[in-house]
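Descriptive analysis of the structure
Residue-level listing of the chains:
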Amino acid sequence: MIRVMFDAAEERSDVVRLEVGEPSFTTPSHIIEAAALAASEGSTRYGPNGGLASLRELLVEKVRTVNGIDSSIDQIVVTPGAMNGLYSLYLALLEPGDEVLIPTPGFPNMDEMVRLTGGVPVFYELHRADGYLPDPEKITSLMTDRTKVLFLNSPSNPTGVVFPPDVIEQIVVAAADRGVWVISDEVYDQLILDDDRVHLSPGSLDSALPVVSVYSFSKVYAMTGWRVGYVVAPTALADVLRKLQEPQVSCPSTISQKAAEAALTGPREPIESMRTAYVERRDFAWRLVQDLGLEAFRTQGTFYMLVDGSRSGMSPLDFAMQLLERDGVSVAPGEVFGPGGSEVIRISLANDEENIGLGLKAVAGAIG
Ligand SMILES: Cc1ncc(COP(=O)(O)O)c(C=O)c1O
């Protein structure tokens, strides 16, 4: 449905685009230059299934310093975006009929991926009244003898919540006690918007726990179109993931991997300035939300904000369509985020303050 909004918005030139889930920035220039140089020097061929050794070495260091995960190069698998890493994980882990616990509101592609790979998505609900935090006991009560995977996503798309370390730890331990894998999607790991908030990577807990961590260059480095993500998994599972690359994609793009290397070794300043911009936009949006009397959740990480549209009396999709037609503002309707999204719309902070302001004012006007 985000694509539906996207396509409808594409048909007009005057639309304020707040539905999209990608950074408004272009990839920092040193990354583009490094990729161009690598291409001219011959990085234009197939590479190893699981990614270039030179990139995986850098990633061992990145997950150690940023995420607190001790790993070896054999545990890292580079994939064409986190999306392909997630898909391969489900291919590797699921038998037909296996259940996967998924948050709602949550990342839309997840339940579709689970169904495509023969699994059964089972939703655990997150509510604004609870600060969109998962309840470890409720999650545990949803586990059956068919539960194979628990999907965690913090910082979370679309809620913008960052789960506190103790909540993460309780959930991971509960899953491990029942032999359930935890897939931890941390593609927004370096987009924490509050300095006093800590993101705990489940993979940094006891290495004996059944945790797989998934990361991406898309959001943090504004590299969505380069398609580079990576998985940190126990070596035996990483071996399977590498083999699964061959019939699917062969290998991730070699040029894009060279760009990813430059992202890791280059200056931090462009990356940090993008995060700072999201902090400023979140602060701006939050002030406006309050001035306009809207109900919303104050984003803690990522670049999204969930706004309650239920007072409009319309479904989020009808609300979003009307907003697009009447006000020329495009937002993501809550239905895309599963059954828990029935009252909300998501706006993206990956736009400038002027457009965020126009969008929020239109939302407030449409709610009435
Ligand atoms: C939570 C989450 N995981 C994964 C992805 C996919 O990332 P990538 O571009 O690396 O495939 C997204 C993209 O929107 C996301 O929001």
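See the structure shown above.
The rules behind the values
Residues numbered from 1 in each chain as written. Predicted model: local features only at pLDDT ≥ 70, side-chain atom pairs only at ≥ 80, totals over all residues. Helix = DSSP H or I, 4+ residues; strand = E, 2+ residues; numbered from the N terminus. Buried ≥ 20, exposed ≤ 12 C-beta atoms within 10 Å, placed from the backbone. Axes fitted to C-alpha atoms, helices over the stretch in contact; angles between N-to-C directions. Parallel < 35°, antiparallel > 145°, perpendicular 65-115°, else oblique. Left-handed = near helix turned anticlockwise from the far one by under 90°. Contact = placed C-beta atoms within 7 Å. Nonpolar A, V, L, I, M, F, W, Y, C, P; charged D, E, K, R; others polar. Pairing = 2+ DSSP bridges. Expected span 1.5 Å × (residues − 1). Arc of directions from axis to C-beta.

1. A closer look at unusual backbone geometry
Across the junction of Ser154 and Pro155, the peptide omega takes the value -10°, indicating a cis bond. Its location among the elements puts Pro155 in the loop between strand 5 (147-153) and helix 7 (165-177). The phi dihedral of Tyr132 is positive, around 55°, even though this residue is not glycine. Within the secondary structure layout, Tyr132 lies in the loop between strand 4 (120-125) and helix 6 (136-141). For Tyr132, a count of 23 C-beta atoms within 10 Å gives the class buried.

2. Regarding the packing of helix 4 (residues 81-93) against helix 8 (residues 235-248)
One can describe the packing of helix 4 onto helix 8 by two numbers: an axis separation of 9 Å at closest approach and a directional angle of 110°. Relative to helix 8, helix 4 is oriented roughly perpendicular. Considering only the axes of helix 4 and helix 8, their crossing is right-handed. For the pair helix 4 and helix 8, the contacting residues are Ser88, Leu89, Leu91 and Ala92 in the first and Leu237, Val240, Leu241, Leu244 and Gln248 in the second. Of the residues contributing to the contact of helix 4 with helix 8, the split by class is seven nonpolar, two polar and no charged.

3. Describing the sheet that holds strand 4
Strand order in the open sheet made by the seven strands is 2-8-7-6-5-3-4, with mixed pairing throughout. Of all strands in the sheet, those bounded by a partner on one side alone are strand 2 (76-79) and strand 4. If you compare each strand with its neighbour and ignore which way they point, the axes differ by 25° on average. Bridge analysis of strand 3 (residues 99-104) against strand 5 gives three bridges, and the strand direction is parallel. Following the sheet pairing, Glu99 is matched in strand 5 by Thr147. Sitting on the sheet, helix 3 (residues 53-65) is in contact with strand 2 and strand 8 (229-232), with an inclination near 115° to strand 2.

4. Some words on helix 2 (residues 29-40)
Side chains of residues three or four places apart in an α-helix project in the same direction, reflecting 3.6 residues per turn. An ideal rise of 1.5 Å per residue puts 16 Å on 12 residues; helix 2 measures up with 17 Å between its terminal C-alpha atoms. Residues Ile31, Ala34 and Ala35 constitute the buried set of helix 2. All buried residues of helix 2 fall inside an arc of 100° around its axis, so they share one side. Exposed side of helix 2, more than 90 degrees from the buried face: Ser29, Leu37 and Ser40 are the residues found there. Gly42 occupies a position one or two residues after helix 2 and carries a positive phi of about 110°.

5. A short note on the sheet that holds strand 11 (residues 332-333)
In spatial order, the strands read 9-12-11; together these three strands make up an open sheet with antiparallel pairing. One side of each edge strand has no neighbouring strand; the edge strands of this open sheet are strand 9 (304-308) and strand 11. Taken together, the two bridges between strand 11 and strand 12 (residues 344-348) define a ladder with antiparallel strand orientation. Residue pairing in the sheet places Pro333 in a bridge with Ile345 of strand 12.

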